[in-house]
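One-letter residues, chain by chain:
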Amino acid sequence: MLKAVIPKIEELSFRQRLLADEATMSYNAGWGGTIAFPKERWSPWFQKWILNASRKRFYRYLYAEAERQYVGEIAYHFDPEIGEFLADVIVKAEYRGKGYGRAGLNLLCEFARGNGLDTLCDNIALGNPSVRLFLKMGFAEKYRTRDFIMVEKKL
């Protein structure tokens, strides 16, 4: 079973390790790969994404009972440049292939719908295997550029 958990600020070390892991972040190679998340950024990030999230932002860790630990994260946020809510599902590389991505994306869609969203999108880099997951989960290709595929799901 997979649960969506609001992290405590002191638990952001998991996010720090997740974003710094080269294998996990390999999907992000076209946009720089790993992402630095030093401790001095935790408090402002926590304020924005957890304490003052509003309707435009959502974030949770994925906790796998079988593993007895966090295995990834799910999030969405409103991107004002494109006028869409963008999904984010990251499963740590060592836990991929166990259904956590599918379960996490399903949870994210449930939360988004429960929070009043009617559509959720994601811009997935060309070549990223997660595009298959999104399409299997009811997302449809909205458009594509030379860098990414924009997928969309009516909730």
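See the structure above.
Residues numbered from 1 in each chain as written. Predicted model: local features only at pLDDT ≥ 70, side-chain atom pairs only at ≥ 80, totals over all residues. Heavy atoms only, no water.

Quick look at the pattern of salt bridges now. For the structure on display, the rule yields eight salt bridges. Across the pair Glu67 and Lys98 runs a salt bridge, and its minimum N-O distance is 3.0 Å. In this pair, Glu67 sits in the loop between β2 (57-64) and β3 (69-79) while Lys98 sits in the loop between β4 (84-91) and α3 (100-114), placing the two residues 31 residues apart along the sequence. As a salt-bridge pair, Lys142 and Glu84 come within 2.4 Å of each other at their nearest N and O atoms. Residue Lys142 is found in strand β6 (residues 140-144), and its partner Glu84 is found in strand β4; the two are separated by 58 residues along the sequence. Among the residues examined, Lys142 registers a relative accessible area of 37% and is labelled partly exposed. Look at the salt bridges and you will find they share partners, linking Glu84, Lys142, Glu152 and Lys154 into a network. (Salt bridge = Lys/Arg side-chain N within 4 Å of Asp/Glu carboxyl O. Helix = DSSP H or I, 4+ residues; strand = E, 2+ residues; numbered from the N terminus. Buried < 20%, exposed > 50% of the residue type's maximum accessible area, 1.4 Å probe, protein only.)

Looking now at the environment of Ala87. Note that Ala87 resides in strand β4. Spatially, the C-alpha atoms of Ala87 and Leu108 are 7.8 Å apart, while their sequence positions differ by 21 residues. Ignoring anything within four residues of it in the chain, the contact list for Ala87 reads Ala75, Tyr76, Leu108, Leu120, Cys121, Asp122 and Phe134. (Contact = heavy atoms within 4.5 Å.)

The next point concerns the pairing of β3. Put simply, side chains in a regular strand alternate between the two faces of the sheet. Across the eleven residues of β3, eight count as buried, placing the element largely inside the fold. Sheet topology note: the β2/β3 ladder contains eight bridges and is antiparallel. Residue pairing across strands places Tyr59 opposite Ala75, the latter belonging to β3. Hairpin geometry of β2 and β3 is characterised by an intervening segment of four residues between the two adjacent antiparallel strands and by a positive phi of about 60° at Arg68. Pairing analysis gives eight bridges linking β3 to β4, with the strands arranged antiparallel. Counterpart to Ala75 in the pairing with β4 is Asp88. Where β3 hands over to β4, the hairpin turn is made up of four residues, of which Gly83 adopts a positive phi near 70°. (Pairing = 2+ DSSP bridges.)

Turning next to helix α1 (residues 12-20). For α1, the full list of buried residues reads Leu12, Phe14, Arg15, Leu18 and Leu19. Taken around the axis of α1, the buried residues stretch over an arc of 140°, which confines them to a single face. Considering only its buried residues, α1 is in contact with α2 (42-51), β2, β3 and β4. (Arc of directions from axis to C-beta.)

The subject of this paragraph is the packing of aromatic side chains. Counting across every chain of the model gives 16 aromatic pairs. Judged by centre distance (5.7 Å) and plane angle (50°), the rings of Phe14 and Tyr70 are tilted. Here the residue Phe14 occupies a position in helix α1, and Tyr70 occupies one in strand β3, the gap between them amounting to 56 residues. One exposure class covers both Phe14 and Tyr70, and it is buried. Consider the rings of Trp45 and Trp49, whose centres lie 6.0 Å apart with planes at 15°: the pair is stacked. Residue Trp45 and its partner Trp49 are both found in helix α2; the two are separated by four residues, about one turn of the helix. The exposure class of Trp45 is buried, given its relative accessible area of 10%. Each member of the aromatic cluster is reached from another via a ring pair, and the members are Phe14, Phe37, Trp42, Trp45, Trp49, Tyr59, Tyr61, Tyr63 and Tyr70. For Arg15, the ring lying beneath its charged end belongs to Phe37, and the centroid distance is 4.9 Å. (Phe/Tyr/Trp six-rings, centres within 6.5 Å; stacked < 30°, edge-to-face > 60°. Lys NZ or Arg CZ within 6 Å of the ring centre and 35° of its normal.)

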